[in-house]
Amino acid sequence: MATYSADYLKRLLAAVERFEEVFERWMETQVESDHVQSRGLHPTVWTKDGQDEAIVRTRELDVAEAAGAAERAVAVTGAKIAVAGVGVIDPIASWSLMAAPRALVTPQDVRLTAARVRGRLSTMIDDAEAASESTMPGFAPAAFHEVIWSAAAAHWTTHQYRVAVREASEALTVHWKGILGRNDVDDTVFWQQTLSAGEPESGKPKLAWPGDPTDKTNRSMRGGLEPLAKALNNLATGLNLTVRNVTTHTRDELTEQEGMERLAAYSYFARLLDQCEVRRSTEEPEST
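Residues numbered from 1 in each chain as written. Predicted model: local features only at pLDDT ≥ 70, side-chain atom pairs only at ≥ 80, totals over all residues. Heavy atoms only, no water.

Caption draft 1: Region of the structure containing the overall build of the protein. Counting its regular elements, the protein contains 10 helices and six strands. Put simply, the protein shows about 15,000 Å² of open surface, and 51% of that area lies on carbon and sulfur atoms. (Helix = DSSP H or I, 4+ residues; strand = E, 2+ residues; numbered from the N terminus. Areas by Shrake-Rupley, 256 points an atom, 1.4 Å probe, with all protein chains shown as cover.)

Caption draft 2: Molecular detail of the packing of aromatic side chains. Applying the stated rule across the entire model yields seven aromatic pairs. Between Phe-19 and Phe-23 the ring centres are 5.6 Å apart and the planes differ by 25 degrees, which places this aromatic pair in the stacked class. Placement of the pair is Phe-19 and Phe-23 together in helix 1 (residues 6-27), with a separation of four residues, close to one helical turn. Under the relative-accessibility criterion, Phe-19 is labelled buried at 1%. The class for Phe-23 is buried, based on a relative accessible area of 2%. One aromatic cluster is present, built from ring pairs that chain together Phe-19, Phe-23, Trp-26 and Trp-95. (Phe/Tyr/Trp six-rings, centres within 6.5 Å; stacked < 30°, edge-to-face > 60°. Buried < 20%, exposed > 50% of the residue type's maximum accessible area, 1.4 Å probe, protein only.)

Caption draft 3: Fine view of the nonpolar core. Within the largest apolar cluster, 64 residues are counted, with the highest numbers of intra-cluster contacts made by Leu-9, Phe-19 and Trp-26. Contributions of two or more residues to this core are made by helix 1, helix 3 (53-77), strand 3 (81-83), helix 4 (107-130), helix 5 (146-156), helix 6 (161-180), helix 7 (187-195) and helix 10 (256-274). The element best represented in this core is helix 1, accounting for 10 residues. Residues within four places of Phe-19 in sequence aside, it is in contact with Val-63, Ala-66, Ala-67, Ala-70, Ile-92 and Val-110. (Core = buried A, V, L, I, M, F, W, Y, C linked by side-chain atoms within 4.5 Å. Contact = heavy atoms within 4.5 Å.)

Caption draft 4: Focus on the layout of surface pockets. One number sums up the size of the largest pocket: a volume of about 530 Å³. At the level of secondary structure, the elements contributing two or more residues to the lining of the largest pocket comprise strand 3, strand 4 (87-89), helix 5 and helix 6. Across the lining of the largest pocket, the residue classes break down as 12 nonpolar, six polar and three charged. (1 Å grid on protein atoms, 1.4 Å probe; cavity = no way out; pocket = protein on both sides within 12 Å on 5 of 7 lines; lining within 4 Å. Points joined across faces, edges and corners; volume = space filled by probe spheres on them. Nonpolar A, V, L, I, M, F, W, Y, C, P; charged D, E, K, R; others polar.)

Caption draft 5: Structural view of helix 4. Spanning 24 residues, helix 4 covers 35 Å between terminal C-alpha atoms, matching the ideal 34 Å at 1.5 Å per step. All buried positions along helix 4 are accounted for by Pro-107, Val-110, Thr-113, Ala-114, Val-117, Arg-120, Leu-121, Met-124, Ile-125, Asp-127 and Ala-128. Summarising the contacts, the buried residues of helix 4 are in contact with helix 1, strand 1 (30-32), strand 2 (45-47), helix 3, strand 3 and helix 5. (Expected span 1.5 Å × (residues − 1).)

Caption draft 6: How the structure looks around the packing of helix 1 against helix 4. Put simply, helix 1 and helix 4 touch, their axes get as near as 9 Å, and they point 160 degrees apart. Looking at the two axes, helix 1 sits roughly antiparallel to helix 4. Crossing of helix 1 against helix 4: the hand is left-handed. Touching Ala-6, Leu-9, Lys-10, Leu-12, Leu-13, Val-16, Glu-17, Phe-19, Glu-20, Phe-23, Glu-24 and Met-27 of helix 1 are Pro-107, Val-110, Arg-111, Ala-114, Ala-115, Val-117, Arg-118, Leu-121, Met-124, Ile-125, Ala-128 and Glu-129, all from helix 4. (Axes fitted to C-alpha atoms, helices over the stretch in contact; angles between N-to-C directions. Parallel < 35°, antiparallel > 145°, perpendicular 65-115°, else oblique. Left-handed = near helix turned anticlockwise from the far one by under 90°.)

Caption draft 7: Examining the pattern of salt bridges more closely. In this structure the tally under the stated criterion is 14 salt bridges. With a shortest N-O distance of 2.5 Å, Glu-167 and Arg-166 are connected by a salt bridge. Overall, the relative accessible area of 23% leaves Glu-167 in the partly exposed class. Among the charged side chains, a network of salt bridges with common partners joins Arg-18, Glu-21 and Arg-25. (Salt bridge = Lys/Arg side-chain N within 4 Å of Asp/Glu carboxyl O.)

Below is the structure:
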């Protein structure tokens, strides 16, 4: 299902298994907590009393090295997590932040991510081996926009393509509603108001293509964003209605190619939005 060979995916799997091994060895030297116990203000790990500092440092370096090798596996499988107020992060790459105040991740986050990555890689390896005799060119969905692939990956790797597309479309809307603080409207109204022409109103910021508004190219981009958003939102609505009907879902699943084309549309839209500037009413301060 991707351009990755089975051998490459197996190497990624070995890297993740190596990370898990050295991570648990390092955790033997640590006190383990979570966000509830730390009240969100304190680290979620700290060194146990009486530990040999040299041993702790050596094991930390082992984890850092293994994490560097395992990070690619997280990107390939889309097994990142969303952290409120921060965005999408990789718990394996962020393992060292557990020892910092207001820790973003916990040891359990790291373990669960590693387990998800192993599961998804196993499925991808099976797919790659099954397709090894095909001469058709492959593709790499992991190269899609981070928000899109992170939402779709779990379903994509188990061949639930319609659900993957639905989750990706909903994730993009949730992502931008969170950034703009617009959880007060439904999805269709949100995109209509956010990408429409005219000045923003108080409490209703807009996204606009940056640059000189009189420039011909910029005018075209600004004029095209709203209908593109409306078309993709309608697509998402239609998919939601059909996916939630179990009978339709089981009889009329998207093919891999159809799912890929739809995810590509959302990924393209997501990248356009990333290039936009947030415009707010002069009646409210800009968020920092």
